[in-house]
Amino acid sequence: MILWLWLCCCFPAAVGQPDSELMARYLEEKLMADYSVVEQVVRRVPRQTRFLQRLETRPRMSEFSVKSTIISRYAFTTVFCTMVNSGSEAREAVFEMQIPAAAFISNFTMSIGNKTYYGEVTGKEKKHSNDDKAKMKKPPSPVNGRENGYETFKASVFIPRKMQANFLLHYEELLQRRLGKYEYMVSIRPQQLVGRLRVEVNILENSGIISLEVPPLRNSKHKGSGKDEGDVSPPPSTVIGQTKTLAKVTFSPNVVEQTKIARNGILGDFIVRYDVNRELSVGDVQILNGYFVHYFAPMDLPPLPKNVVFVLDSSASMVGTKLRQTKEALFTILQDLRPEDHFNIIGFSNRIKVWQQDRLVPVTPNNIRDAKKYIHNMSPTGGTNINSALQTGAKLLNDYIAQNNIDARSVSLIIFLTDGRPTVGETQSSKILSNTKDAIRDKFCLFTIGIGNDVDYKLLERMALENCGMVRHFQEDEDAASHLKGFYDEIGTPLLSDIRIDYPEDNVEQVTQNFFPNYFNGSEIIIAGKLINRTSDSLHVEVTASNSKKYILLKTDVAIDLPSTNDIRAVPGLEDGRADQNYIERAWSYLTIKELLNSRLKSNDNQEKEYLTEKAKSMALAYNFVTPFTYLKMREAGIHSEPPHEELISPSTDGIGEKLQSLQGHKARPGIRRHQDKQRIKISKTSADGDPHFVIDFPSSKFSVCFNIDGEPGDILRLVSDHKESGVTVNGQLIGAPAPPNGHKKHRTYFNTITILSNKPERSYLEITPTRIILDDGERLILSCDRNAVVRSSSLEVSISANSNITVTIRDTISFVILIHHYKKPAPYQKDHLGFYISNSKGLSSDSHGLLGQFLSHEVKLLRESLNINQQQVGQNQTEALQPNLTNTLKVKGRLVPVVWKQRRIYNGQQQVDCWFAKNNADKLIDGSYKDYLASHPFDTGTSPGTINSL
């Protein structure tokens, strides 16, 4: 009682109660100093009485801290823990830490008193002696010991009386992008209140951090859902700091705050989610000290159509919550299918029940309604015939692909869900795997989902891995409905298919997987490799892919000598030694080892397996990674360390499989066809460029005509109008700029936007500015002008030469070239603008009109007139003899147009044009006046002056 009164006097009171923050500070100090005193004090805090009584029988944890450094998605994590034995005899201390199954442990150190024990990564032998087996404790099984992709690292030691033990664990992982976010997780489960508890996460992303969030702590039942319900505020004591490229997040709850979260010391998972700035180009390529990593995650692409077959377990074991939650998830998933998708549903137990026989049905309100009725009426009964269910689903999808004229660039897939092992029909896993692979024949992907503890996880994992899919496993006590919906959201929006990423074969080696069947919205493709020619100043990159009806080719050259960009040793806040490591090299080694493990898992050849095992082991030893073929060996006897994957078990597809979209394709043959690098652009003189200056070339007459249009800012000029015949219209919108000093004009105007419209054979349009291109042919695609790219569909091709020009080809008979004019240090009267050139007009009709289009099929005669001679026709070969002192006239459609001789430079000044210049806004040269060529909006497709006919 005296002690309690002393505490009350020492701490300021508020309404007669001790201040909680000061009490917490006092308890933290005492927890670090003298456990016996704290024991007496905290026993007078009623909420902690029974908990602290249990602590008396084991060493207490005085400090638990985690520091993570994430550099370009690659995370280095260090966990430090101190345990104190204040008892009168030696006691066992257990350090236990849940880490992501995809992570590799890279170091572990223990110190007890003045002795330190270091962990060494050692290769596993093929066979262990009985003595060795007795010393080694088996790790948890892939299912029972792992909670949705997380495994437990455990180390135990006896601490002598009145001494402490320190544990230091290092692990590394490459963060995967799901649903548009990277997620970094730290498990905080010390099993007791901790005097000093701190988590610090530092993020460096040179491309820029565009979003950062810290959701509430997540308990085990909600692991892997990726979504948080209810309160979305960060945990108490969380501090978030952020700049454009750096972020720092800290979490350091005191004892009182810990008690409010969980009295037993199991706080949950501390999560940081973020995303980076990106654009539609070849992606983010980073190079450092002879290694490169390539992140590819385009946005703003229209989704590809899907052909999906849902294969659902309805055996007796699904009774109750599992089947109910499965139905709930499927109801939501069906509602999210798009109108262009096709689908079917198969329910299986010992019998196979197909909802719609021998076909996939389109997504219509009636079909969705009927599908929901079918799912609602599913009842659990019988055994589990996995083999027949997959055979039926594969045949259904194969027949649909073969018999129907479906879009070749749609995405076909099977989503398979079960809660058990095969019990009916074919039950041998190897036969089921072989039969499934033979049935699918690399034509589509298989995604597998396991629910509960009885599922054959290895079978589901390998089925997905061998058929370009991925696997998920959920525990029975989890919210399966939200997990299923979250998993579908990851694969429900395919954006690209047949993605291939190439680098020059004489510049790179040991490149990881570079061909992927599909790319899903919100995910990311990652490739890494080594540079051969380190004297080269750039790395050429080409990305080819298909998007719905379009073929896409993206190209760029990445500078290799970028020490100021990718060398992070001078970055403040990264003083933990991670800056000295080549994070790009470690990301490459991480990806390479994961691919070797997956290749071994898929292989059926013993000799190949042995080769892959030795290669993975060798690389793991070189980079100090604990893998299924290496383990941690402590230097002192009597110390037991139990890392994840202690025995040779199948690697988890929560690893590299999902890092690479889990679309296990193959490495395409390296090399780039160099003849594609440079494309010659055919340019004609017929153009509208500059202020704007118009030039019309008449090749048969061997001369050119030019004129100016003094429009107003905001005017939209119709350049080509052939909507009724070829279906093509080109409009250009003007922007204004001040006139140059001492100029005769009140202002300048330039083309800032060129809009090209086509309605044959189908409607499409292009909107081009100096920075971006919008292509819409029923599906919207946005391209950047600062990257080389080619987009090709059945009737349209767009080729971009970075920051230089765009070539638009329509049906191979019409070609336009749009020049991009950029000023590095523009004067006030200079604006970034576009120039428009007609390269090929064969596909335009003779009725084509517009400021340029009206002259494409008509000849103009040049007449000469002197003071003493009547007008006479000038021969075509006498143009050069005409003198400026003569009065010259053009005859255009019966109209006489006075002209003067001028010289103009076009195509960025690279070509000089001699032309006859018509004054006064081309008065009498063009039909009507220039105001008749003003369009009401960029998509105006009027076919003659004064006529408006919108597309």
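Residues numbered from 1 in each chain as written. Predicted model: local features only at pLDDT ≥ 70, side-chain atom pairs only at ≥ 80, totals over all residues. Heavy atoms only, no water.

- Going by an unreviewed UniProt entry, the protein carries the name Inter-alpha-trypsin inhibitor heavy chain 5 and comes from Phasianus colchicus.
- We quote the UniProt Subcellular location (unreviewed entry) comment for the protein here in full: "Secreted".
- Its UniProt record, at the heading Sequence similarities (unreviewed entry), says of the protein: "Belongs to the ITIH family." (UniProt positions renumbered as here; feature names shortened; annotations may be inferred.)

### Things to note about the packing of aromatic side chains
And then number 1: On inspection of all chains with the given rule, the structure shows 24 aromatic pairs.
And then number 2: On the numbers, 4.6 Å between centres and 70° between planes, the contact of Trp901 with Trp916 is edge-to-face. In this pair, Trp901 is assigned in strand β51 (residues 895-906) and Trp916 in strand β52 (residues 911-918), connecting sequence segments 15 residues apart.
And then number 3: Clustering of aromatic rings is evident, with ring pairs tying together Tyr74, Phe76, Phe104, Tyr590 and Phe625.
And then number 4: Taking NZ or CZ as reference, Arg73 lies 4.0 Å from the ring centre of Tyr295, over its face. (Phe/Tyr/Trp six-rings, centres within 6.5 Å; stacked < 30°, edge-to-face > 60°. Helix = DSSP H or I, 4+ residues; strand = E, 2+ residues; numbered from the N terminus. Lys NZ or Arg CZ within 6 Å of the ring centre and 35° of its normal.)

### Looking at the pairing of strand β3 (residues 60-71)
And then number 1: β3 sits mainly inside the fold: 11 of its 12 residues count as buried.
And then number 2: Pairing analysis gives 11 bridges linking β3 to strand β4 (residues 74-85), with the strands arranged antiparallel. When the sheet's bridge partners are listed, Val66 is paired in β4 with Val79.
And then number 3: Pairing analysis gives 9 bridges linking β3 to strand β12 (residues 196-204), with the strands arranged parallel. Among the inter-strand pairings, Thr69 is bridged to a residue of β12, identified as Asn202. (Buried < 20%, exposed > 50% of the residue type's maximum accessible area, 1.4 Å probe, protein only. Pairing = 2+ DSSP bridges.)

### As for the pattern of salt bridges
And then number 1: Summed over all chains, the structure comprises 34 salt bridges.
And then number 2: The residue Arg73 makes a salt bridge to Glu524 at a minimum N-O spacing of 3.2 Å. Of this pair, Arg73 sits in the loop between β3 and β4 while Glu524 sits in the loop between β28 (515-520) and β29 (525-531), and the two are 451 residues apart along the sequence. Across the pair, exposure class does not vary: Arg73 and Glu524 are buried alike.
And then number 3: Of the charged contacts in the structure, one is a salt bridge between Glu183 and Arg273, with a shortest N-O distance of 2.7 Å. Note that Glu183 is positioned in strand β11 (residues 181-188) and Arg273 in strand β16 (residues 268-276), a separation of 90 residues in sequence.
And then number 4: For Arg273, a relative accessible area of 5% translates into the label buried.
And then number 5: What you see here is one network of salt bridges that share partners, running through Arg73, Arg177, Glu205, Asp275, Arg278, Asp284 and Glu524. (Salt bridge = Lys/Arg side-chain N within 4 Å of Asp/Glu carboxyl O.)

### Comments concerning the sheet that holds β29
And then number 1: With antiparallel pairing, 4 strands are arranged side by side in an open sheet as β17-β18-β29-β27. Of all strands in the sheet, those with a lone pairing partner are β17 (284-288) and β27 (508-509), marking the two edges.
And then number 2: Two elements, β17 and strand β18 (residues 291-296), share 5 bridges in a ladder whose sense is antiparallel. Each residue of the ladder has a partner; that of Leu288, found in β18, is Tyr291.
And then number 3: Lying over the sheet, helix α14 (residues 583-602) contacts β17, β18 and β29, oriented at roughly 110° with respect to β29. (Contact = heavy atoms within 4.5 Å. Axes fitted to C-alpha atoms, helices over the stretch in contact; angles between N-to-C directions.)

### As for helix α7 (residues 321-336)
And then number 1: Compared with the 22 Å implied by 1.5 Å per residue over 16 residues, the 23 Å span of α7 between its first and last C-alpha is a close match.
And then number 2: Lys322, Leu323, Gln325, Thr326, Lys327, Ala329, Leu330, Ile333 and Leu334 are the residues of α7 that are buried.
And then number 3: Summarising the contacts, the buried residues of α7 are in contact with β19 (306-313), β20 (342-348), α8 (365-376), β23 (411-418), β24 (445-451) and α12 (480-491). (Expected span 1.5 Å × (residues − 1).)

### Some points on the state of the cysteines
Disulfide: a covalent bond connecting the sulfur atoms of a pair of cysteines.
And then number 1: By the definition in use, this model includes 2 disulfides.
And then number 2: Here Cys445 is linked by a disulfide to Cys468, with a sulfur-sulfur distance of 1.9 Å. The chirality of the disulfide connecting Cys445 with Cys468 is left-handed, given an S-S dihedral of about -110°. Of the two residues, Cys445 sits in strand β24 while Cys468 sits in the loop between α11 (457-466) and β25 (471-474), which places them 23 residues apart along the sequence. Each member of the pair, Cys445 as well as Cys468, is classed as buried.
And then number 3: Between Cys706 and Cys915 runs a disulfide, and the two sulfur atoms are separated by 2.2 Å. One quick way to see it: the torsion about the S-S bond of Cys706 and Cys915 is about 70°, and its sign makes the bridge right-handed. Of the two residues, Cys706 sits in strand β36 (residues 703-708) while Cys915 sits in strand β52, which places them 209 residues apart along the sequence.
And then number 4: With a relative accessible area of 0%, Cys706 lands in the buried category.
And then number 5: Residue Cys915 is classed as buried on the basis of its relative accessible area of 0%.
And then number 6: Ordering the disulfide-forming cysteines of the protein by sequence position, one finds them joined as 1-2, 3-4. (Disulfide = S-S within 2.5 Å.)

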